[in-house]
Amino acid sequence: MKEKSLWKKITGSREVSLVIVLIVLLAAVQTLSPSFLTATNIAQIFRNNALTMLMALGMLCVMLTGGIDISITSTLAFSGMTIGLLQKYDILHNTFLLFLIGAVIGLICGSINGMIVAKGKVAPIICTMGFMYIWRGMAYVISNNAWASGQDVAGFSDFGKDGAIGPYIILIIAYIIFFVVMKWTKFGRQIYAVGSNKEAAAISGINVKKTITSVYAIMGMLAGLAGVLSVSIYASAQPNMQYGKEMDVIAACVIGGVSMSGGRGTVVGTFLGALIIAIIAKALPLVGISSIAQNFVKGVIILAVVVLNVITQRTMDKQNLSRREI
Amino acid sequence: MKKRVISIVLSAVMAAALLAGCASTGSSAPAAESAPAEEAAPAEEAAPSEEAAAPEAGAATYALITKSAGNPYNEKEAEGFQEVIDAMGGTCIIQHPEAATADAQIAVIQSLISQGVSSIAIAANDANALSAALQEAADAGIKICTLDSDVVADSRATFCNQAGVQEVGQALIDAVYDLTGGEGQYAILSATSQATNQNAWIDSMKAISEGDAKYAGLELVEVAYGDDEPQKSTDQTQALLQKYPDLKVICAPTTVGIAAAAKVLQDQGSSVVLTGLGLPSEMAEYIGADDAHSCPYMFLWNPIDLGRLAAYTSIALVNGDITGAVGDSFTAGDMGDYTLTGLADGSGSEIILGPPFQFNPENIDEWKSVY
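Residues numbered from 1 in each chain as written. Chains lettered and ligands numbered in written order. Predicted model: local features only at pLDDT ≥ 70, side-chain atom pairs only at ≥ 80, totals over all residues.

A.B. asks: How do you make sense of the sheet that holds strand β6 (residues 184–190) of chain B when you look at a structure like this?
C.D. replies: What holds strands together in a sheet is hydrogen bonding between their backbones, with the strands either parallel or antiparallel. Residue and element names in this part refer to chain B. Within the open sheet, the four strands sit side by side as β7-β6-β8-β9. Their pairing is parallel. Whereas interior strands pair on both sides, the edge strands pair on one side only; in this sheet they are β7 (218–225) and β9 (273–276). The average angle at which neighbouring strand axes cross in this sheet is 25°, direction not considered. As defined by bridge partners, β6 adjoins strand β8 (residues 247–252) across four bridges and the pair is classed as parallel. Residue pairing in the sheet places A187 in a bridge with I250 of β8. Lying over the sheet, helix α8 (residues 255–268) contacts β6, β8 and β9, oriented at roughly 170° with respect to β9. (Pairing = 2+ DSSP bridges. Helix = DSSP H or I, 4+ residues; strand = E, 2+ residues; numbered from the N terminus. Axes fitted to C-alpha atoms, helices over the stretch in contact; angles between N-to-C directions. Contact = placed C-beta atoms within 7 Å.)

Below, the structure written as structure tokens:
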């Protein structure tokens, strides 16, 4: 039993199978567009998808508790629009403070979500759907339907400019923190425990409501940060920014092997899932697939990877079971 | 019991959040209302002079209804309209409805009917909903034209169209011709693949370049779609640069796309230059003749000129110089002569303002604060 066959090793770990998917995907793209794997391109992949990658971490925590948050891009827009307007009306231009304000706005939005889900026992999709409209609506209201444009955020946008290291630093720090927290801290294990079995977690002394509130608060904070980052990267704030992109974040998690019913998923898997989504977004316009067919292809790839995930999971479960049989 | 208390508190929080949303809408509403109030003041001042003038010279009263208050674009339209009417010695009434809805405009139309104005120029918030109110106005002998957005053709005499498809296509292809130096590769970055306006403009560009040997040196390599989304537009622009190393010009006839592409080109210090249709306020950062800027010039319509054309059209209608029939022509002061052309579906006439307005390094500072 100790000497697993190579095949079993491969199918035995979701992360490994994701790495293989990634390699296959990259090989396919590289063949179709030989200049794909260049330093510039790789840097652009991370920069253009920094928002999805950042928010995927929060979505991982939320989904681990069996929840979902579809209000994230609305929170993003509300936070981004706020810091865009702060600059437009010359109230504040300090990059650090702007990030702080964005994060606090997100944290507040997320905490409200969390309290309603945890204490009000409202289904997460319903509660966050309500706030999806509310925060998006607030973004329109505070902006009065106008944009904060490139010249309003000049200076601040240098942080996320093409070639600047700002977005990468944020991503690296966020992923390191989450990797450590989810793997080695009490809080991380509580999240997994709540997601696997709420009753058991409660009995073993975990404050379930507090844990659930916290994950939505964290999600909100990351969405708030992503809003600030978005304004910096795209050098403009629009009330409709990133509209519909919450689905990319959820897709990144699902591809990364995060279970929709909770309790299962890792930071590494989420990273790989987000990277696959990012590569798809970058590669589709490059490999010569006609614009109008790109969404179709994207959907097919997502489904194919998820189906592969399910098969891997089944194989794993079977192996675990057969190990238990005497 | 505790649970119940908590859920009540939470419901209260949700309700409060909703109210907060409403409250800020509420607080913005008075701001919007204040604008018509300000506009109403000059109108009231003007009213007595009209009464004084009416018996003598029969000077007419010309009304303009914009889409809504609080939008600098509408203010500029009104500015142009007022300027012309004042210069002609007529009485000008400008009304900004408090909300950009047909309902708000209907209320304004009815009050103008009872004031007995000679003409109404309106930027319609709905193509159909205004019909009954406009019919009532026409029955009262008021001449009606539309500007910016049309209503169904039988509700008005004619339409002042700011963007003739042909004119936009011509301006864009000429810009591409100019910026490429007459030959080379160019790409188009559009909004969505179903966007009606963009598709019409792109088709017109294609038709013009195919039909004229002058443009034979231009090669359209791809029409990419950024879905009016910064992230996707950025991806598409980067892909265009990578796929076509010899690309000279990107033409983005959409406000989101052009801003995203401008940022990509400028950040990378790319030699590819950009043109298209964009908002001056969004593009000010990127417009410049030197290598440090990605967009030498771009286009959009000039709302002041649109307001002026609507004023001249109203005057011509009131004077009986035109009736709104296709083929009618009139002189719009220093803007030159205009002829009414038929709509594509043959249902009525329109007046096309002219080629779109060019925003370049010389005038962008003046326009960036406008809209």
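Further notes follow.
A.B. asks: Sorry if this is basic, but what is going on with the domain arrangement of chain B here?
C.D. replies: Where the parts come together, the accessible area they lose is often given as the size of the interface. Residue and element names in this part refer to chain B. One can read the domain layout of chain B as domain 1 (31–163 + 303–356) and domain 2 (165–300). Distance from the C-alpha centre of domain 1 to the C-alpha centre of domain 2: 34 Å. In this assembly, five residues from domain 1 lie in contact with six residues from domain 2. (Domains from an automatic or database assignment.)

A.B. asks: How should unusual backbone geometry be read in this particular structure?
C.D. replies: Among all residues except glycine, the phi angle is most often negative; among peptide bonds, the trans geometry is most common. Residue A235(A) is not a glycine yet carries a positive backbone phi of 50°. Topologically, A235(A) is positioned in the loop between α11 (208–234) and α12 (246–255). At D148(B), a residue that is not glycine, the phi angle is positive and equals roughly 70°. For D148(B), the position within the fold is in the loop between β4 (143–147) and β5 (158–161).

A.B. asks: Mind showing me how you'd approach the environment of A293(A) here?
C.D. replies: Inspection of the secondary structure puts A293(A) in the loop between α13 (267–286) and α14 (294–324). Sequence spacing of A293(A) and I203(A) is 90 residues, and the spatial spacing of their C-alpha atoms is 51 Å.

A.B. asks: Just checking my understanding: could you explain the interface of chain A and chain B for this structure?
C.D. replies: Contact residues are listed per partner, giving 32 residues for chain A and 35 residues for chain B. Put simply, the parts of the chain that give the side of chain A that touches chain B at least two residues each are α3 (39–48), α6 (95–119), α7 (124–143) and α13 of chain A. Take the side of chain A that touches chain B: its biggest share by element is five residues, from α7(A). Here the side of chain A that touches chain B is built from residues that sort into 16 nonpolar, 12 polar and four charged. (Nonpolar A, V, L, I, M, F, W, Y, C, P; charged D, E, K, R; others polar.)

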